[in-house]
Amino acid sequence: MDKSSTGLGLETELRLGLPGVGEVEKNDKKRAFCDISGGAAAAGAGNNKNQVVGWPPVCAYRRKNSFNGVKMYVKVSMDGAPFLRKIDLSSHKGYSDLLMALEQLFGCYGIDAKNDEKGWNAEEALEDADKCEYVPIYEDKDTDWMLLGDVPWEMFVESCKRLRIMKRSDAKGAKDLLKALAAKEDYSSSLSN
Amino acid sequence: MDPDPKKSKFLPSNLLNSNGSSHPQSLFPDEVLEKVLSLIDSHKDRNSVSLVCKDWYNAERWTRSNLFIGNCYSVSPEIVARRFPKIKSVRLKGKPRFSDFDMLPRDWGANVHSWLVMFAKAYPFLEELRLKRMTVSDQSMELLAKSFPHFRALSLSSCDGFTDDGLKAITTHCGNLTELDIRDSVTVDVGGGWLSCFPEDFSSLEILNFSSLNSEVSFEALEKLVSRCRSLRVLKVNESITLDQLQRLLVHAPLLTELGTGSFLQELTPRQYEDIESAFGNSKNLQVLSGLWDATSFYLPVLYGACSGLTFLNLSDAVLQSGELAKLLAHCPNLRRLWVIDTVEDKGLEAVGSSCPLLEELRVFPVDPYDLDHRHGVSEMGFLAVSRGCRKLRYVLYFCRRMTNAAVVTIVQNCPDFTHFRLCIMNPRQPDYLTNETMDEAFGAVAKTCTKLRRLSVSGLLTDTTFEYIGKYAKNLETLSVAFAGSSDRGMQCVLEGCPKLRKLEIRDCPFGNAALLSGLKKYEMMRSLWMSSCNLTMKGCRLLAREMPRLNVEVIKDKGSDEIQADKVYVYRSVAGPRQDAPPVVLTL
């Protein structure tokens, strides 16, 4: 399965779900992921609560430094860590750079099993998933949860809204996730024949 | 007995008593009076002095050199220039505080330009200008830079309207500048070229703060500047300055008393780590530390050597957890003021309680104020822990998601000396989470116990009872902020009738209507200002107030889509300058 082409947003035969049925595709992915992670991903989604203007009374300067602003700050949560961090995507050059920063932020190792000269590769990392204690995932603009590395870096930076470092045990094996996603694809491509 | 002809020619005849002789105490020569008065700095004292008699009024106005105007619209530049001929230093405040929370339209006002035009004519010897919540255009900055040859100090707090060009004018032309302090700037992307415009031989800077300006500056220019300015004692850089760059700056300025670092996250070599550690170790005079963006447990230890003399630690830009804070605070026994983000949680605040016995001020800011699902942050437990260990606490700003009456009662028993108590329970109208009661008793305890209380912000589920307590007990209260509270007009009335020293009252989303507004008719002239938004005021009530009290400016800000009857946002303030001429169309002056 060639994952690199899915990120370009072009119409390809390798999409998950029926061609032209974008909504269904998204829901499929979401459901698969939710099944695996126990619904936690869905809970973390929606962030458009009814916000009262000017409340809580945090002044403009302080909000600027919080999670909005000119820079591309995104929240990063890590399973087991009781607090959120923020990271500026625009200050990183690529996935390996980002992962190093994540490791430094959370003072732990094992997010990324593959960090050699070839750069970070989603497939390889997932193949070594058993060595990897955590799986980095992100929520994109369409509120889908995606595996880190699915799409080209620039596209990721533009679409990523927040990051989550999920325990591999919660994912019941990233390989299983991959299999689940692949199974959906097989099913839908068989439907289109 | 004739009055001594050598005495003051300003001696007014009405001070002579019936047989023509003057009262002995009034034979006070003009020159002596002026000499004595010139030693008085406090503007409050000076205002009192000026009320004694005509003599004293005149002597005072000729000797006043520091001007403080708490509301730029309360008086006009012309009136000021007529009364005070010899001003060298000006402090001016503009927009109401709720502008910090985006509640004012963009072009609301408080533009400093007309003041600068007057200052250029009347005060050519002006040395200092300190502005808060005002709009300062580049044009204004150019006027400032070119009109005052003795200009030394510019301080802008929560100001907007300027760009790199304006700052360039200042740094290029103000050859005697000792202070450039820009804080809490809401101007986005000002540009960083200004720093490179200081002349090659410029060396007088003592205070430089550009921590809230986003853009990169030339590090080369900064390093040269810092090494030239041997008297530099305050340096606060912005996030663009890295750790190893900071190290080089510290080497040039070992006498700093206040430091704001740049980004505290960088991959350092062991050698670089040692260098920055020893640079901090050599900074023995540091009293104030801030910045520390992205600081982590790996890099915080480089600070430890500089912490023993710290009195103010501002961690409000550093997202730390409890362990990191605890380790850091162990090195800061002399802390008087501490600002943190609530990611340190209650456990971190326990460390505050045990490590900082001299603490007088604590501010806890929320890392994510808008995430209502956020179950973390701090609670009543953290506040309690601090109150047990820090008995000298007098200023607190505390954002939390849960609180109890019992905790607040205990806290103020532990720390009865609060002068500023600002508690923000972030979910509006939230009750005591244990008993489900209102939070009336909590704030009642604050009002009763803290007899020195000057500033209070209330939150949580509150009825009129809270305001009865405040009106009854808070006799020194000057500033009150109320949101989502109260049950009827009576609440606001209790405060207006009860608090003799009230100067600023800001209210939002409360069920107070025209009756409440009008009950304060006589009071508003003794206050600086009143703000009421999303309450039950109507245009009719506001017009009535405006009609009855001609020396008050009653301004209504109309929101889009609101009807003709409701008055959404009302700002009332006393003024001797009459209605302002620069209000945008959306602001109606009644």
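Just so we're clear, the structure is a prediction, and the values are computed from it rather than from any experiment.

Observations regarding the overall build of chain B
Regarding its fold elements, chain B presents 19 helices and 21 strands. Computed over the C-alpha atoms, the radius of gyration of chain B is 26 Å, within 12% of the 25 Å expected from 2.2 N^0.38 for a compact globule of 590 residues. Across its three principal axes, chain B shows a C-alpha extent of roughly 85 × 65 × 55 Å. Across the 590 residues that make up chain B, the buried fraction comes to 57%. Approximately 24,500 Å² of chain B is accessible, and the part contributed by carbon and sulfur atoms is 51%. In chain B, 71 positive and 70 negative side-chain charges are present, and the distance between their average locations comes to 7 Å.

Remarks on the nonpolar core
By size, the foremost hydrophobic cluster in this structure holds 177 residues, and its most contacted members are Phe-418 and Phe-421 of chain B. Every residue in contact with Phe-418 of chain B, bar those within four places of it in the chain, is listed here: Phe-383, Leu-393, Arg-394, Tyr-395, Val-396, Ile-411, Val-412, Cys-450, Lys-452 and Leu-453 of chain B. Val-76, Ile-87, Ala-101 and Leu-148 of chain A belong to the second-largest nonpolar core, a separate cluster that totals 22 residues.

A short note on the side chain of Asp-79 of chain A
All names here are of chain A. Mapping Asp-79 onto the fold places it in the loop between strand S1 (73–78) and strand S2 (85–88). Within the local environment of Asp-79, its side chain forms a polar contact with the side chain of Arg-164, the two groups lying 3.1 Å apart. Dropping the residues within four chain positions of it, Asp-79 is found in contact with Tyr-134, Arg-164, Ile-165, Met-166, Lys-167 and Asp-170.

A short note on the packing of helix H1 (residues 30–37) of chain B against helix H3 (residues 54–63) of chain B
Residues and elements named next belong to chain B. Running from N to C, H1 and H3 cross one another at 55°; their axes reach a closest spacing of 9 Å. Classified by the interaxial angle, the pair formed by H1 and H3 is oblique. H3 is crossed by H1, and the crossing has right-handed handedness. Contacts from Leu-33, Glu-34 and Leu-37 of H1 reach H3 at Asp-55, Trp-56, Ala-59, Glu-60, Trp-62 and Thr-63.

Some thoughts on the packing of aromatic side chains
Residue and element names in this part refer to chain B. Taken as a whole, this structure holds 29 aromatic pairs over all chains when the rule is applied. Aromatic side chains Phe-98 and Trp-531 sit 5.7 Å apart centroid to centroid with 65° between the ring planes, which places their arrangement in the edge-to-face category. Here Trp-531 lies in strand S18 (residues 529–533) and Phe-98 lies in the loop between strand S2 (89–93) and helix H5 (113–122), a separation of 433 residues in the sequence. A relative accessible area of 5% means that Phe-98 is categorised as buried.

What to know about the environment of Ser-290 of chain B
Residue and element names in this part refer to chain B. For Ser-290, the location among the structural elements is in strand S9 (residues 288–290). Along the chain, Ser-290 and Phe-312 lie 22 residues apart, while their C-alpha atoms are 8.4 Å from each other. Every residue in contact with Ser-290, bar those within four places of it in the chain, is listed here: Lys-236, Leu-259, Gly-260, Thr-261 and Asn-314.

Let's talk about the pattern of salt bridges
Residues and elements named next belong to chain B. Enumeration over the complete set of coordinates arrives at 32 salt bridges over all chains. Here Arg-46 and Glu-60 are joined by a salt bridge, their closest N and O atoms 2.7 Å apart. Of this pair, Arg-46 sits in helix H2 (residues 43–49) while Glu-60 sits in helix H3, and the two are 14 residues apart along the sequence. Judged by its relative accessible area of 4%, Arg-46 is buried. In this structure, the salt-bridge partner of Glu-127 is Arg-152, at a minimum N-O distance of 3.4 Å. Highlighted residues: Glu-127 in the loop between H5 and strand S3 (128–132) and Arg-152 in the loop between helix H6 (138–147) and strand S4 (153–157), separated in sequence by 25 residues. Each of Glu-127, Glu-128, Arg-130, Arg-152 and Glu-179 takes part in salt bridges that share partners, so that together they form one network.

Regarding the confidence of the model for chain B
All names here are of chain B. Scored by pLDDT, chain B comes out at a mean of 92, with 94% of its residues at no less than 70. With pLDDT under 50 throughout, residues 1–24 is counted as low confidence; its partners more than four residues away or in other chains account for 23 contacts. Scored as a whole, the predicted complex attains pTM 0.77, and scored at its interfaces, ipTM 0.86.

Here we look at the pairing of S2 of chain A
Residue and element names in this part refer to chain A. The side-chain alternation of S2 yields two buried faces, one formed by Arg-85 and Ile-87 and the other by Lys-86 and Asp-88. Here S1 runs beside S2; their pairing, made up of four bridges, is antiparallel. Bridge pairing links Val-76 to Arg-85 in S2.

A short note on the sheet that holds S1 of chain A
All names here are of chain A. Taken together, the five strands give an open sheet; going across it, the order is S2-S1-S5-S3-S4, and neighbouring strands pair in mixed fashion. The sheet terminates laterally at S2 and strand S4 (145–147), the two strands that pair on one side only. Going from strand to strand, the sheet's axes swing by 30° on average, the running direction of each strand aside. By the bridge criterion, three bridges tie strand S3 (residues 134–139) to S4 in an arrangement that is antiparallel.

Quick look at the packing of helix H15 (residues 440–449) of chain B against helix H16 (residues 464–473) of chain B
All names here are of chain B. Between H15 and H16, the shortest axis-to-axis distance is 8 Å and the interhelical angle comes to 5°. As the angle between them shows, H15 and H16 are arranged roughly parallel. Contacts between H15 and H16 involve Asp-440, Glu-441, Phe-443, Gly-444, Ala-447 and Lys-448 from the first element and Thr-465, Thr-466, Tyr-469, Ile-470 and Tyr-473 from the second. Per-class residue counts for the contact of H15 with H16 are five nonpolar, three polar and three charged.

Quick notes on helix H10 (residues 270–281) of chain B
The α-helix winds at 3.6 residues per turn, so residues separated by three or four positions along the chain end up facing the same way. Residue and element names in this part refer to chain B. Taking 1.5 Å as the rise per residue, H10 with 12 residues should run 16 Å; its terminal C-alpha atoms sit 16 Å apart, in good agreement. Looking only at H10, the buried set comprises Tyr-273, Ile-276, Ala-279, Phe-280 and Gly-281. On the buried face of H10, the contacting elements are helix H9 (243–252) and strand S8 (258–260).

A few points about unusual backbone geometry
Trp-55 of chain A connects to Pro-56 of chain A through a cis peptide bond whose omega is -5°. Tracing the chain through its elements places Pro-56 of chain A in the loop between helix H2 (40–44) and helix H3 (60–64). With a phi angle near 60°, Asp-294 of chain B is a residue other than glycine that sits in the positive phi range. By the secondary structure assignment, Asp-294 of chain B is in the loop between S9 and strand S10 (312–314).

Reading the values: rules and limits
- Numbers given to residues run from 1 along each chain, matching the order in which its sequence is written.
- As a convention, the first chain written is A and the first ligand written is 1, with the rest following in written order.
- Reporting of local features is limited, given that this is a predicted model, to residues whose pLDDT is at least 70; pairs of side-chain atoms are given and counted only at 80 or more, and all residues count toward the totals for whole chains, interfaces and linings.
- Only hydrogens and water are set aside; all other atoms, that is, all heavy atoms of the structure, feed into the side-chain values.
- Per the convention used, a helix needs a DSSP run of H or I reaching at least four residues, while a strand needs a run of E reaching at least two, with both numbered from the N terminus.
- A radius of gyration in this sense is built from C-alpha atoms; the matching globule rule multiplies 2.2 Å by the number of residues raised to 0.38.
- Partly exposed residues are those whose accessible area sits between 20% and 50% of the maximum for their type, while under 20% is buried and over 50% is exposed, using a 1.4 Å probe and protein chains only.
- Residue burial considers only the protein chains on display, and all accessible areas are found by Shrake-Rupley using a 1.4 Å probe.
- Neither His nor the chain termini are counted; the positive set is Lys and Arg, and the negative set is Asp and Glu.
- Each charge is placed at NZ for Lys, CZ for Arg, CG for Asp and CD for Glu.
- As used here, the term nonpolar core means buried Ala, Val, Leu, Ile, Met, Phe, Trp, Tyr and Cys residues forming a set that is joined through side-chain atoms within 4.5 Å.
- Contact definition: two residues touch when any of their heavy atoms are within 4.5 Å.
- N or O atoms closer than or at 3.5 Å make up a polar contact, with two conditions inside protein: a donor-capable atom paired with an acceptor-capable one, and, for residues adjacent in sequence, both atoms drawn from side chains.
- The axes are straight lines fitted to the C-alpha atoms, using for helices just the contacting stretch, and the angles between their N-to-C directions are given from 0 to 180°.
- Should an angle fall under 35 degrees it is taken as roughly parallel, and over 145 as roughly antiparallel, whereas 65 to 115 is taken as roughly perpendicular and any remaining angle as oblique.
- For a crossing to be left-handed, the near helix must be turned anticlockwise from the far one by less than a right angle; the clockwise case is right-handed.
- Two rings from Phe, Tyr or Trp (for Trp, the six-membered ring) form a pair when their centres sit within 6.5 Å of each other. Planes less than 30 degrees apart are called stacked, planes more than 60 degrees apart edge-to-face, and all others tilted.
- For salt bridges, the criterion is a side-chain nitrogen of Lys or Arg within 4 Å of an Asp or Glu carboxyl oxygen.
- Per-residue confidence from the predictor is reported as pLDDT, which spans 0 to 100.
- For two strands to be treated as a pair, DSSP must find no fewer than two bridges joining them.
- In this classification, Asp, Glu, Lys and Arg are treated as charged, Ala, Val, Leu, Ile, Met, Phe, Trp, Tyr, Cys and Pro as nonpolar, and every other residue, Gly included, as polar.
- What a helix should span is 1.5 Å times the count of its residues minus one.

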